[in-house]
Structures are given as C-alpha cells and as structure tokens.
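# Structure assessment
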Amino acid sequence: MTKTTATMITPDSDSASAPLILPSLQIRELTFRWQSRQPALTFPDITLDAGNHLFLRGASGSGKSTLLGLLAGLNSADNGEIRLLGKSIGALDPSARDRFRADHIGVIFQQFNLVPYLTALANVILPCQLSPVRRDRISSGTRTSDTRAAIHAKAKTLLTALSIPRELHSRKPTQLSIGQQQRVAAARALMGAPELILADEPTSALDSNNRDRFMQLLLEMAQQNKTSVVFVSHDPALAHHFHHQIELEQPSWLSS
Ligand SMILES: Nc1ncnc2c1ncn2[C@@H]1O[C@H](COP(=O)(O)OP(=O)(O)OP(=O)(O)O)[C@@H](O)[C@H]1O
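Residues numbered from 1 in each chain as written. Predicted model: local features only at pLDDT ≥ 70, side-chain atom pairs only at ≥ 80, totals over all residues.

The name given to the chain in an unreviewed UniProt entry is Methionine ABC transporter ATP-binding protein, with Marinobacter psychrophilus as the source organism.

### Quick look at the site of the ligand
Contacts to the ligand come from 13 residues, most closely from Trp34, Ser60, Lys64, Ser65 and Thr66. Taken together, the residues of the shell around the ligand break down into three nonpolar, nine polar and one charged. (Near = placed C-beta within 6 Å. Nonpolar A, V, L, I, M, F, W, Y, C, P; charged D, E, K, R; others polar.)

### Considerations on the pairing of strand E10 (residues 228-232)
Moving residue by residue along a regular strand, the side chains alternate between the two faces of the sheet. Of all five residues making up E10, five are buried, and the element is well covered by its neighbours. Side chains Ser228, Val230 and Val232 of E10 all project onto a buried face; the interleaved residues Val229 and Phe231 project onto the opposite face, where all are buried too. Here five bridges tie strand E9 (residues 196-200) to E10, and the two strands are oriented parallel to one another. Residue pairing in the sheet places Asp200 in a bridge with Val232 of E10. In this fold, the crossover linking E9 to E10 by way of helix H7 (residues 208-225) has right-handed handedness. (Buried ≥ 20, exposed ≤ 12 C-beta atoms within 10 Å, placed from the backbone. Helix = DSSP H or I, 4+ residues; strand = E, 2+ residues; numbered from the N terminus. Pairing = 2+ DSSP bridges. Right-handed = clockwise from strand over helix to strand, strands pointing away.)

### Regarding the environment of Asn52
Residue position: Asn52 is located in the loop between strand E4 (46-48) and strand E5 (53-58). Asn52 sits 175 residues away from Thr227 along the chain, and the two C-alpha atoms are 7.5 Å apart. Those residues in contact with Asn52 that sit more than four places away from it in its chain are Ser228, His243 and His244. (Contact = placed C-beta atoms within 7 Å.)

### Considerations on the packing of helix H3 (residues 120-130) against helix H6 (residues 178-190)
Interhelical geometry of H3 versus H6 gives an angle of 30° and a closest axis separation of 7 Å. On the basis of their axis angle, the class for H3 and H6 is roughly parallel. Judged by the sense of rotation from one axis to the other, the crossing of H3 with H6 is right-handed. Facing H3, whose interface residues are Ala120, Asn123, Val124, Leu126 and Pro127, H6 presents Val184, Ala187 and Arg188. Across the contact of H3 with H6, the residue classes tally to six nonpolar, one polar and one charged. (Axes fitted to C-alpha atoms, helices over the stretch in contact; angles between N-to-C directions. Parallel < 35°, antiparallel > 145°, perpendicular 65-115°, else oblique. Left-handed = near helix turned anticlockwise from the far one by under 90°.)

### Quick look at the environment of Leu206
Looking at the element boundaries, Leu206 is found in the loop between E9 and H7. Residues Leu206 and Ile138 lie 68 residues apart in sequence; the distance between their C-alpha atoms is 31 Å. Leave out the neighbours within four places in its chain, and Leu206 touches Gly179, Arg211 and Phe214.

### Overview of H7
Spanning 18 residues, H7 covers 26 Å between terminal C-alpha atoms, matching the ideal 26 Å at 1.5 Å per step. Taken as a whole, H7 has its buried residues at Arg211, Met215, Leu218 and Ala222. Looking down the long axis of H7, one finds its buried residues gathered within 75° of arc, a one-sided arrangement. The exposed set on the far side of H7, more than 90 degrees from its buried face, consists of Asn209, Gln216, Glu220, Gln223 and Gln224. Of the residues one or two after H7, Lys226 is the one with positive phi, at around 60°. (Expected span 1.5 Å × (residues − 1). Arc of directions from axis to C-beta.)

### Looking at the pairing of strand E6 (residues 79-84)
Pairing analysis gives five bridges linking strand E2 (residues 25-32) to E6, with the strands arranged antiparallel. Residue pairing across strands places Arg28 opposite Glu81, the latter belonging to E6. Taken together, the two bridges between E6 and strand E7 (residues 87-88) define a ladder with antiparallel strand orientation. Across the sheet, the residue bridging to Leu84 is Lys87, located in E7. Taken together, E6 and the strand that follows it, E7, pair antiparallel across an intervening segment of two residues, in which Leu85 is found at a positive phi of about 55°.

### Topic: the environment of Asp78
You can see Asp78 is positioned in the loop between helix H1 (64-71) and E6. Expressed as a C-alpha distance, the spacing of Asp78 and Gln35, which sit 43 residues apart in the sequence, is 11 Å. Excluding residues within four positions of it along the chain, Asp78 makes contact with Thr31, Phe32, Arg33 and Ala40.

Laid out in structure tokens, this is it:
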C-alpha cells in the first residue's frame, strides 16, 4: 500500500498518444465552495489506475463527502477538472452526467439509500433497469438468451456472495439488519460491473469483525470485476485493505 498525495496525470484521452487503458480517475487543481462567502475547499491532484482501490480519509469537515459528491457528478467543481475513464465530467450537461453515472459508477451511500418498497433482489437489479450498458454487460457475459433471467441470476449470485442468504432476497430493506442492508447496497453498486465504485463511510454502523468482513467481500468482488474503488472513511484501521490512501487536510479556516 502506498500513501498517495498526488500522482502524475496521463495525457488527454483525445490525443493520439492516449494509453489503451485509461485511469479510472484523474483530478487536477480541484476546488469547490458550498457558499459564495465560504472559503473554497481544495483537493489534491489524484490519478487512480483502472482496478486500483483508494482509501480517502481525513478529519471531520476535511471535504471527503464533498469530493465524493463531485466525483459522482452530484455537484459541479468551481475550478479544476475531474476525468472519469478519460472523460471530463465538467463538460457533460446534467442529463449526460446522470447517464454517465448510471452506466459507469456504483455508489454506496452512508445511509445505503435502498428503495424501501422494493425487495433486496429488486434493489440489486435496479442499476440494470436504469442502464442498458450495465444490463448488456451481464447478458453478454452469459450463455442464456434470456436477459431477464441472466440479470436475476447475477443479482442472486452477488447477494449470496455477499452473505445474504436466499430466504432474505425477497425481504424489504426495513426487514433486514443494518449489516445486511449495507451488503445489499454493495451488491447493487457491483451489479453490471461498473468501472468505478464510490463508497461513503458504509461501515460506520458496524462492529470491527463485520466491518473487516464487509471490506474483504467488497474489495474481492471489485477485484474480480476489475472495478476501481474510492472509499471514504475517517477510520485509519481500514487503510490496509487498499492499494493507495490519501489523507485530506482540514481547511485552515476550520482548524483555527
Ligand atoms: N450542504 C452543505 N452546505 C454548506 N456547507 C456544507 C454542506 N456540506 C458540507 N459543507 C461544508 O463543507 C465542509 C466539508 O464537508 P464534508 O461533509 O465534505 O466533510 P467530511 O470530511 O465528509 O466530514 P465528515 O467526516 O464529518 O462526514 C465542511 O466545512 C462542511 O460544513
């Protein structure tokens, strides 16, 4: 594991010398201001290669969730650039950004954001209903011509691999424990093998045994899919699971 504060930015994807495998994530000179009178949050330059896993930590208020929101395209940067899979997301209009997120990014939120009226299985299938790209990745990787059956089978396999037994697949999220809800959220993020998973403190409600087991399962499955992971937590005990780590510094106006 290396502690990374900044790495080299690779050439523009549009140029003739662009590498065949683009980094999952490139950030350059990024700043964001929640309110016009508030000083800007500034973020280190980062390059994360495809399939690598990055642990993003820092004190409360250092901007971890803000950065994840910028990467997910939920907010737009004031300055600087974010490239995901070689594409500058600031150049996309809001609907193209939503489409890009649905096709290429799995998100695990702090509160999991499972749809309460859908079963665990239906929650996991959801990304394939929102994205033909993720749907096609599953149907092209199977021998059956029945896409719906292939998607259901994949969702069940993922849930089972994440230790959600079959008898719980038809339960609604409120009928599951916090740890089970979290693993359903992880299965949903992994569905259709997105190139990047963004996870915001999904282990904060777990004891240390369940936390370590969850980390192992999530990162093993991401590795199988060659999915990059950016994982936010304030807990340094998780750092050893990752290829790289970055610590965000608390803004001086918060520490004074
Ligand atoms: N919606 C918002 N409106 C205004 N300011 C905000 C908003 N969200 C966050 N901030 C401010 O931006 C800064 C960074 O917040 P952020 O939530 O990104 O930090 P964090 O590192 O994720 O913190 P924590 O570990 O406590 O979750 C903080 O000073 C916070 O008060």
